[in-house]
Amino acid sequence: MNSELSLNILLADKNLSAELRAVAEKVKSDTRISFEDGVLLFEKADLGFLGILANYIREKRHGAKTYFNRNFHIEPTNLCVYDCKFCSYSVLIKERSDGWEFTMQDMLDIVKRYDNQPVTEVHIVGGVLPQYDVTFYSELFRAIHNHRPDLHVKALTPVEYHYIFKKAKIDYATGMKLMKEAGLDSIPGGGAEIFHPDVRSRIAKDKCTGEQWLQIHEEWHKLGMRSNATMLYGHIEEYWHRVDHMEKLRELQDKTGGFQTFIPLKFRNQDNQMSDIPEVSVIEDLRNYAISRIYLDNFDHIKAYWAMISRNTAQLSLNFGVDDIDGTLDDTTKIYSMAGAEEQHPAMTTKELVDLIKNVGRHPIERDTLYNVITDFDDYQFPEEDKPKFYKLPVLN
Ligand code: V47
Ligand code: SF4
């Protein structure tokens, strides 16, 4: 059913409470919802109601278009000077038993594995270690660009930037300018967790604060550059902490317009110091995507990271405000498989991603990191060799 018709039917329902109706009216008239509205949606709105509102906004902005890219990750190390309680991936620096530490050459070798392959982005993120400093990362970004100038380098988070700039005794503005000059193209959304200090101090103490995270993105945006934002949800936070987090992002986006995509990250509880906290349900994941779409009226895109939430939930999310499902990945990230995600070796071919999107009636578009269209896959016919092959079984005598 057409999403506008669904919204009109919802508004015609006499049983709809006055407070939820007021929010639905705001969505219909393109009026920003308030902090209190956000909390109300989390506390009182059911999935059906939220889906209608979020899908209305999604289809108004993007129609059926659903974006993905061809990317791979480099995770320089899983050792870390920090000790975030939710992190299944880091091994504390003092317990250097089960970790990896890539050299510059190791990382360039990973980049070279993709020579002659049509990837457009390398996403670099991992633990924080002293040897990875301003000089190291500047050289790495330069070396990647020298080898492959067209590859978009989306790298590190304010967690690393705060750490390396502090060590180098430079301020954020100077540091981000140096990174831009070295070839950094954009900043991924990680390290945001939950900004509010009541939660952050319990799950991610010592690393950059929520305010510092926002300041670093602001300095980056001032240079005319783009970045993403995430929110780690479904652990010890309360609903209003999620709204507070999104409110801070919405305020900064009003100021700079530099964010492209918001990526809610579901807390996964395997093998970390918060394993006693149960994971939230798929219904809660979908409600959270929908409220993100409704609340962040100045963000163009909402992304479901399929490697973390599974392919089926990624498909469902496309009816709950999501218009982007990240990329091919090629089994190059361990952050989520180590935290218990269904995908133990996350990788999808372009055809698999296209089919995943088409199978739920959406329109697949391959984009680059900045959302320039690379290929519109709506009517695209894959060449023979990309189609599944059926072999004739040998006849047994
Ligand atoms: O900041 C760590 C999260 C983030 C767990 O910008 C966990 O396109 C759930 O930010 N359960 C890093 N989440 C990954 C990230 C990201 C991923 C995909 C795309 C983009 C983008 C950014 O992973 C960390 C942290 O919030 N994380 N451990 C866990 N147990
Ligand atoms: Fe280190 Fe990042 Fe893990 Fe925190 S989430 S311990 S900063 S790797």
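Residues numbered from 1 in each chain as written. Chains lettered and ligands numbered in written order. Predicted model: local features only at pLDDT ≥ 70, side-chain atom pairs only at ≥ 80, totals over all residues. Heavy atoms only, no water.

Student: Could you give an account of the overall build of the protein chain, with specific residues and numbers?
Tutor: Across its full length, the protein chain carries 15 helices and 12 strands. Whereas a compact globule of 397 residues would reach a radius of gyration of roughly 21 Å, the protein chain reaches 21 Å, a difference of no more than 12%. C-alpha atoms of the protein chain, sized along the principal axes, occupy 70 × 65 × 40 Å. Classification of the 397 residues of the protein chain by burial places 58% in the buried group. When contacts within the protein chain are restricted to residue pairs at least 6 apart in sequence, long-range pairs at least 24 apart make up 74% of them. Carbon and sulfur atoms form 51% of the exposed surface of the protein chain, whose accessible area is close to 17,200 Å². Treating the 48 positive side-chain charges of the protein chain as one cloud and the 62 negative ones as another, the clouds have centres 1 Å apart. (Helix = DSSP H or I, 4+ residues; strand = E, 2+ residues; numbered from the N terminus. Rg over C-alpha atoms; globule rule 2.2 N^0.38 Å. Buried < 20%, exposed > 50% of the residue type's maximum accessible area, 1.4 Å probe, protein only. Contact = heavy atoms within 4.5 Å. Areas by Shrake-Rupley, 256 points an atom, 1.4 Å probe, with all protein chains shown as cover. Lys, Arg positive; Asp, Glu negative; His and termini not counted. Charge placed at Lys NZ, Arg CZ, Asp CG, Glu CD.)

Student: With reference to specific residues and values, describe the site of ligand 1.
Tutor: As a structural note, the neighbourhood of ligand 1 is formed by 24 residues, with K154, G189, G191, E193 and K303 the closest of them. Between ligand 1 and the protein, one listed contact pairs an oxygen atom with a side-chain N or O atom of K154 at 2.7 Å. Within the side chain of N228, an N or O atom sits 3.1 Å from an oxygen atom of ligand 1. Computed on the free molecule, ligand 1 has an accessible area of 620 Å², of which 96% lies beneath the protein chains in the complex. Its residues assigned to classes, the shell around ligand 1 shows 10 nonpolar, 8 polar and 6 charged. (Near = heavy atom within 4 Å. Polar contact = N/O pair within 3.5 Å; in protein donor to acceptor, adjacent residues only side chain to side chain. Nonpolar A, V, L, I, M, F, W, Y, C, P; charged D, E, K, R; others polar.)

Student: Describe helix α12 (residues 282–295), and please don't skip the residues or the numbers.
Tutor: When the terminal C-alpha atoms of α12 are compared, their 20 Å separation across 14 residues agrees well with the 20 Å that a helix rising 1.5 Å per residue should span. Here α12 lies mainly inside the structure; 12 of its 14 residues are buried. Turning to α12, its buried residues number three or more, namely E284, D285, L286, R287, N288, Y289, A290, I291, S292, R293, I294 and Y295. (Expected span 1.5 Å × (residues − 1).)

Student: For the pattern of salt bridges, give the residues involved together with the corresponding values.
Tutor: Two side chains bearing opposite charge may form a pair once their charged atoms approach each other closely. In the structure shown here, the tally under the stated rule is 25 salt bridges. In this structure, the salt-bridge partner of D285 is K266, at a minimum N-O distance of 2.6 Å. Residue D285 is found in helix α12, and its partner K266 is found in strand β8 (residues 259–266); the two are separated by 19 residues along the sequence. A relative accessible area of 2% means that D285 is categorised as buried. Residue R268 is joined to E279 by a salt bridge in which the shortest nitrogen-to-oxygen separation is 3.2 Å. (Salt bridge = Lys/Arg side-chain N within 4 Å of Asp/Glu carboxyl O.)

Student: Go over the packing of helix α7 (residues 158–168) against helix α10 (residues 210–222) with me, naming the residues and quoting the values.
Tutor: Where α7 contacts α10, the axes come no closer than 9 Å and their chain directions differ by 85°. Classed by the angle they form, the pair α7 and α10 counts as roughly perpendicular. Between α7 and α10, the residues in contact are P158, Y161 and H162 and Q212, W213, I216 and H217, respectively. Looking at the contact of α7 with α10 residue by residue, the classes come out as 4 nonpolar, 3 polar and no charged. (Axes fitted to C-alpha atoms, helices over the stretch in contact; angles between N-to-C directions. Parallel < 35°, antiparallel > 145°, perpendicular 65-115°, else oblique.)

Student: Outline the pairing of strand β10 (residues 324–329), supporting the account with residue identities and numerical values.
Tutor: Counting buried residues along β10, 6 of its 6 residues qualify, which places the element largely inside the surrounding structure. Two strands pair when backbone bridges link them, and strand β1 (residues 65–74) and β10 are joined in this way by 3 bridges, in the parallel orientation. In the sheet register, N69 faces β10, and the bridge partner there is G327. (Pairing = 2+ DSSP bridges.)

Student: Residue-level account of the environment of G224, with values.
Tutor: Tracing the backbone through its elements, the reader meets G224 in the loop between α10 and β7 (226–233). Along the backbone, G224 and K266 are 42 residues apart, and their C-alpha atoms lie at a distance of 30 Å.

Student: How would you explain the packing of helix α11 (residues 239–256) against α12 if you had to name every residue and give the values?
Tutor: Direction vectors running N to C along α11 and α12 enclose 35°, while the axes themselves pass 11 Å from each other. Like other packed secondary-structure pairs, α11 and α12 cross with a definite hand, here right-handed. Contacts from Y239, R242, V243, M246, E247 and R250 in α11 reach E284, R287, N288, I291, S292 and Y295 in α12. Residues belonging to the contact of α11 with α12 are distributed by class as follows: 5 nonpolar, 2 polar and 5 charged. (Left-handed = near helix turned anticlockwise from the far one by under 90°.)

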